[in-house]
Number of protein chains: 2
Amino acid sequence: MRDGGWSDQVNALGGFIRAQRQMAKLSLREMASMTRVSNAYLSQVERGLHQPSLKVLHSIADALHLNTEQLLQQAGWGGGAGAGAAAANGRAEAAADEAPAGPCSVEEAVRAESRLTEEQKTALLGVYRSFLES
Amino acid sequence: MRDGGWSDQVNALGGFIRAQRQMAKLSLREMASMTRVSNAYLSQVERGLHQPSLKVLHSIADALHLNTEQLLQQAGWGGGAGAGAAAANGRAEAAADEAPAGPCSVEEAVRAESRLTEEQKTALLGVYRSFLES
DNA sequence: CAGCTTTGATTGACATACTTAACGCCGCTG
DNA sequence: CAGCGGCGTTAAGTATGTCAATCAAAGCTG
């Protein structure tokens, strides 16, 4: 469907990045070497000719010491659908129940699974916890 | 190429999406029509064969009523700005390990978790098994 | 059993992200 | 002036995201 104001969003993002870069007194090439993204592509992104991927966006935010949320908001993540309960505080959820089945909780079992990488464990536990919050 | 854990990340993201989709009792095609992303591509994303773009991620989060932060975290945005050491997870990582085949397997632990519904258990184990197949 | 529908997966074509190698412009130093 | 070195931009190529069409397998209906 109509993507509507894509170019506007992208342009806003690009302008934002360019402003931040100039404010940090960095040249395109300098920033390119920091982000390991080609200067050419950075130039195009800044002028709204391309939509950068997550990797690139992350690198840019990193190099400019920007808050990731800021960048994502500029990239068009304002309009969530949602019913969004804020909820999301990363901090511990208060009233966690006790371990259900005695000696081995899911958390412990996952952590103990040596065939999983750390990332996989984190992902799995993320799914698990999200299930408990409902 | 130090991509190292990259495929893990993507896989984690895919597994997370698949779990959420199954929990919402959606088929690939249903979700495809909601997100206006082809079922084919969704299938590939869920199995970690491709890294979805911002647009697609946004659509997915939207269709599944997920908090954007959750998804982005799964997509590899845990780290945040450069200087900081990583690891912001709530729980400290215990030194536990070992005993994959012992009495305390992930499968058993999940099955014994009384706070999960049957569908949730199925979804969780689906993610888990998909991680083991590599 | 044949048929219909729905599921997830694959293939091939296309669009877009991204890279490398140029280009033209401006400020400098000799 | 020529020549260097930085700047942003452009051009052409490669890699990858994305789609439409199609597939085999599984569940129903008669």
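In this text the structure is predicted, and so the values were computed from the model without any measurement.

(A) Representation of the protein's contact with DNA strand C within the structure. Y41(A), H50(A), S53(A), R29(B) and R47(B) are the nearest of the 20 residues found near DNA strand C. Between DNA strand C and L28(B), the relevant distance is 2.8 Å, taken from a phosphate oxygen to a main-chain nitrogen or oxygen of the residue. Within the side chain of R29(B), a nitrogen or oxygen atom sits 2.3 Å from a base oxygen of DNA strand C. Counting residues per element, the ones that place at least two in the surface near DNA strand C are α3 (39-46) of chain A together with α1 (6-23), α2 (28-35) and α3 (39-46) of chain B.

(B) A look at helix α4 (residues 54-63) of chain B. All names here are of chain B. Taking burial as the measure, the ten residues of α4 include seven buried ones, the bulk of the element. Among the residues making up α4, those that are buried are L54, V56, L57, H58, I60, A61 and A63. Positioned one or two residues after α4, H65 has a phi angle of 55°, which is positive.

(C) Summary view of the pattern of salt bridges. In total, this model carries eight salt bridges over all chains according to the counting rule given. E46(A) is paired through a salt bridge with R21(A); the nearest N and O atoms lie 2.7 Å apart. With E46(A) in helix α3 and R21(A) in helix α1 (residues 6-23), the pair connects residues that are 25 residues apart, well separated along the chain. Across the pair, exposure class does not vary: E46(A) and R21(A) are buried alike. When the shortest N-O distance is used, the salt bridge between R18(B) and E46(B) registers 2.6 Å. Separated by 28 residues along the polypeptide, R18(B) in helix α1 and E46(B) in helix α3 bring together distant segments of the chain. Judged by its relative accessible area of 25%, R18(B) falls in the partly exposed class.

Thresholds, definitions, all that
Residues numbered from 1 in each chain as written. Chains lettered and ligands numbered in written order. Predicted model: local features only at pLDDT ≥ 70, side-chain atom pairs only at ≥ 80, totals over all residues. Heavy atoms only, no water. Near = heavy atom within 4 Å. Polar contact = N/O pair within 3.5 Å; in protein donor to acceptor, adjacent residues only side chain to side chain. Helix = DSSP H or I, 4+ residues; strand = E, 2+ residues; numbered from the N terminus. Buried < 20%, exposed > 50% of the residue type's maximum accessible area, 1.4 Å probe, protein only. Salt bridge = Lys/Arg side-chain N within 4 Å of Asp/Glu carboxyl O.

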